[in-house]
Amino acid sequence: GAGENVSRSRTTRETTLAVLVLKHFLCLVFLPEVADSFDHKKFFEIVGLKSKSPDDVKKVFTVLDADNSGFIEEEELKFVLKGFAKDGRDLTDKETKAFLKAADKDGDGKIGIDEFAALVKE
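Residues numbered from 1 in each chain as written. Predicted model: local features only at pLDDT ≥ 70, side-chain atom pairs only at ≥ 80, totals over all residues. Heavy atoms only, no water.

### Here's the deal with helix α6 (residues 113-121)
Step number 1: Regarding α6, the residues found buried are Glu 115, Phe 116, Leu 119 and Val 120. Seen along its axis, α6 keeps its buried residues to an arc of 135 degrees; they face one direction.
Step number 2: Elements in contact with the buried residues of α6: α2 (40-46), α3 (54-64), β1 (71-73), α5 (93-103) and β2 (110-112). (Buried < 20%, exposed > 50% of the residue type's maximum accessible area, 1.4 Å probe, protein only. Helix = DSSP H or I, 4+ residues; strand = E, 2+ residues; numbered from the N terminus. Arc of directions from axis to C-beta. Contact = heavy atoms within 4.5 Å.)

### Remarks on the side chain of Asp 65
Step number 1: Inspection of the secondary structure assignment puts Asp 65 in the loop between α3 and β1.
Step number 2: Despite its burial, Asp 65 pairs with no opposite charge; the closest candidate is Lys 110, at 10.0 Å N-O.
Step number 3: At a separation of 3.1 Å, a polar atom in the side chain of Asp 65 contacts the main-chain amide nitrogen of Ser 69.
Step number 4: Excluding residues that lie within four positions of it along the chain, Asp 65 makes contacts with Gly 70, Phe 71, Ile 72 and Glu 76. (Lys, Arg positive; Asp, Glu negative; His and termini not counted. Salt bridge = Lys/Arg side-chain N within 4 Å of Asp/Glu carboxyl O. Polar contact = N/O pair within 3.5 Å; in protein donor to acceptor, adjacent residues only side chain to side chain.)

### Brief notes about the UniProt feature "binding site: Ca(2+)" (unreviewed entry) in the protein
Step number 1: The UniProt record marks Asp 65, Asp 67, Ser 69, Phe 71, Glu 76, Asp 104, Asp 106, Asp 108, Lys 110 and Glu 115 with the feature "binding site: Ca(2+)" (unreviewed entry), using the residue numbering of this structure.
Step number 2: Position of Ser 69 relative to the elements: it lies in the loop between α3 and β1.
Step number 3: A relative accessible area of 35% means that Ser 69 is categorised as partly exposed.
Step number 4: Within the structure, Ser 69 has its side chain in polar contact with the side chain of Asp 67 (distance 3.1 Å).
Step number 5: Tracing the chain through its elements places Asp 104 in the loop between α5 and β2.
Step number 6: A residue is classified by how much of its surface remains accessible, and Asp 104, at 13% relative accessible area, is buried.
Step number 7: For Asp 104, the residues in contact, after removing those within four places along its chain, are Gly 109, Lys 110 and Glu 115. (UniProt positions renumbered as here; feature names shortened; annotations may be inferred.)

### A short note on the environment of Lys 105
Step number 1: Of note, Lys 105 is situated in the loop between α5 and β2.
Step number 2: Given a relative accessible area of 55%, Lys 105 falls into the exposed group.
Step number 3: Sequence-distant contacts of Lys 105, defined by excluding residues within four places in its chain, comprise Glu 115 and Glu 122.

### Notes on the UniProt feature "domain: EF-hand" (unreviewed entry) in the protein
Step number 1: Here the UniProt feature "domain: EF-hand" (unreviewed entry) sits at residues 52-87 and 91-122.
Step number 2: The annotated region residues 52-87 carries 42% helix and 8% strand content, and the separation between its end C-alpha atoms amounts to 24 Å.
Step number 3: Strand forms 9% of residues 91-122 and helix 62%; the C-alpha atoms that close the span are 21 Å apart.

### Some details on the side chain of Arg 89
Step number 1: Mapped onto the elements, Arg 89 comes out in the loop between α4 (74-77) and α5.
Step number 2: Since its relative accessible area comes to 9%, Arg 89 is described here as buried.
Step number 3: At 2.8 Å, the side chain of Arg 89 forms a polar contact with the side chain of Glu 95.

As structure tokens, this is what we get:
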């Protein structure tokens, strides 16, 4: 009915807004000259992952888990920003290792879905 259209246009607007915020954020944080500036907590907050449902968090995890191994490995972590914006920069080795260390609670060198979900909510 009519109610559906309203909610649909709101979602579109929210998505557009999210994209704008993200683009602004990408400009601020992901430029190579601010290397080693990546902060996963700030990142998850700004991309709105913190307030997303477990399903949405799982979807993001699936996107980042490029080889579908069920884990995000260091190599994939390096490209985390590309999962949110095609022209996002690669993380530096230092950032990648810090990100991995923050998420990898069981020390196996990769991030499982539970570790990722826990990290997002931190």
